[in-house]
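Inside the fold
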Amino acid sequence: MKEMISISKLDFRYGGQSRLLSNLDLKIDAGKVHGLFGINGEGKSTLLKLISGAIFPLRGEISVLGFVPKDRKPKMLQDVFFLTEEFPETSISIKLFTKIYAPFYPKFSIGRFQGYLNEFALDNNTPDISKLSYGQKKKFWIAFGLATNSKIIMLDEPTNGLDIPSKGQFRRMIDSVKSKECCIIISSHQVLDLENIIDNIIIMDNHDVLFNASIRSILKKIYFKEGNDGEVDEVLIYKEDTREGLFKICENKTEKESKLNIELLFNAAISQKVIFKNLFAN
């Protein structure tokens, strides 16, 4: 896989506040949809801003497509799209916005953009973007971002504000832009919205990257099951008693097949840090 983003020994803080990111290392490849997870305040949005070059690190190195983001080289910026959770307000028409901003992205596809708008039931003739509802604005920005055909697309909480049908449309759109040359990073607390579209999981904890592994490697090393306390498990790593039943994660020593449960994986990784670090060290 082609490496798109490389981060080494990254430190960051806002003003006089305590350090938000500490000694963070991370490598992100092309050809995958990466899910970025962590509790509030871990620095997920800040990490994406640093990758985009919107803010600069206190210490450490960041390489994005071979560029240093803080230099904000046009060659890099034309291939990086970042949709923040709180997107910028604009009071112009969709057509004028596209006329002004699409040229910043040489691979922008008007045809794809129109197709995404149609799927989201948005009118290309909308005279004032600011008059749209929050959910409609989110759909517009998602449509525009995916139509840029950027090599790196970062989406921060993209499904917030979307209704159930729109979330399904969003997942189909993500599938439509996946390619060997594209890297998509989605930061979200809505794990169920992403469970079937992501290829790699990144978990942040204690202001650092705790876990970074592909779905394939996860299911090769551990398996998920529903059971009871009376069962004898091979190597039990984590269990969680819920209203739906008792769910377990076990070390996969016999190549068992199971379905990924991102929420259970996240809870297990946070509570069993040492085990997960050792298990996925290579």
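Further up the page is the structure itself.
Residues numbered from 1 in each chain as written. Predicted model: local features only at pLDDT ≥ 70, side-chain atom pairs only at ≥ 80, totals over all residues. Heavy atoms only, no water.

This brings us to the sheet that holds strand β5 (residues 80-83). Ordered in space as β5-β6-β7-β3-β8-β9, the 6 strands form an open sheet in which the pairing is mixed. Bordering the open sheet on either side are β5 and β9 (208-214), each of which pairs with just one other strand. Across the sheet, the mean angle from the axis of one strand to that of its neighbour is 15°, orientation sign disregarded. When β5 meets strand β6 (residues 152-156), the two strands line up parallel, connected through 4 bridges. Directly across from V80, in β6, lies its bridge partner I152. (Pairing = 2+ DSSP bridges. Helix = DSSP H or I, 4+ residues; strand = E, 2+ residues; numbered from the N terminus. Axes fitted to C-alpha atoms, helices over the stretch in contact; angles between N-to-C directions.)

All of the buried residues along helix α9 (residues 262-271) are I262, L264, L265, F266, A268 and A269. N-cap assignment for α9: the residue whose side-chain oxygen lies 3.3 Å from the backbone N of E263 is N261. (Buried < 20%, exposed > 50% of the residue type's maximum accessible area, 1.4 Å probe, protein only. Polar contact = N/O pair within 3.5 Å; in protein donor to acceptor, adjacent residues only side chain to side chain.)

A separate point is the pattern of salt bridges. Enumeration according to the criterion identifies 8 salt bridges in this entry. Here D29 makes a salt bridge to K32, at a shortest N to O gap of 4.0 Å. In this structure K32 comes out as buried when scored by relative accessible area, which is 16%. In this structure, E89 engages K137 in a salt bridge whose closest nitrogen and oxygen atoms are separated by 3.0 Å. Highlighted residues: E89 in the loop between β5 and α3 (94-101) and K137 in helix α5 (residues 134-147), separated in sequence by 48 residues. Judged by relative accessible area, which is 55%, E89 ranks as exposed. Here K137 falls in the buried class, since its relative accessible area comes to 11%. (Salt bridge = Lys/Arg side-chain N within 4 Å of Asp/Glu carboxyl O.)

Take the packing of helix α4 (residues 110-119) against α5 next. Relative to each other, α4 and α5 sit at 155°, their axes nearing to 8 Å. Looking at the two axes, α4 sits roughly antiparallel to α5. Where α4 crosses over α5, the handedness of that crossing is right-handed. Residues F113, Y116 and L117 of α4 form the contact with α5, whose own contacting residues are F140, A143, F144, L146 and A147. (Parallel < 35°, antiparallel > 145°, perpendicular 65-115°, else oblique. Left-handed = near helix turned anticlockwise from the far one by under 90°. Contact = heavy atoms within 4.5 Å.)

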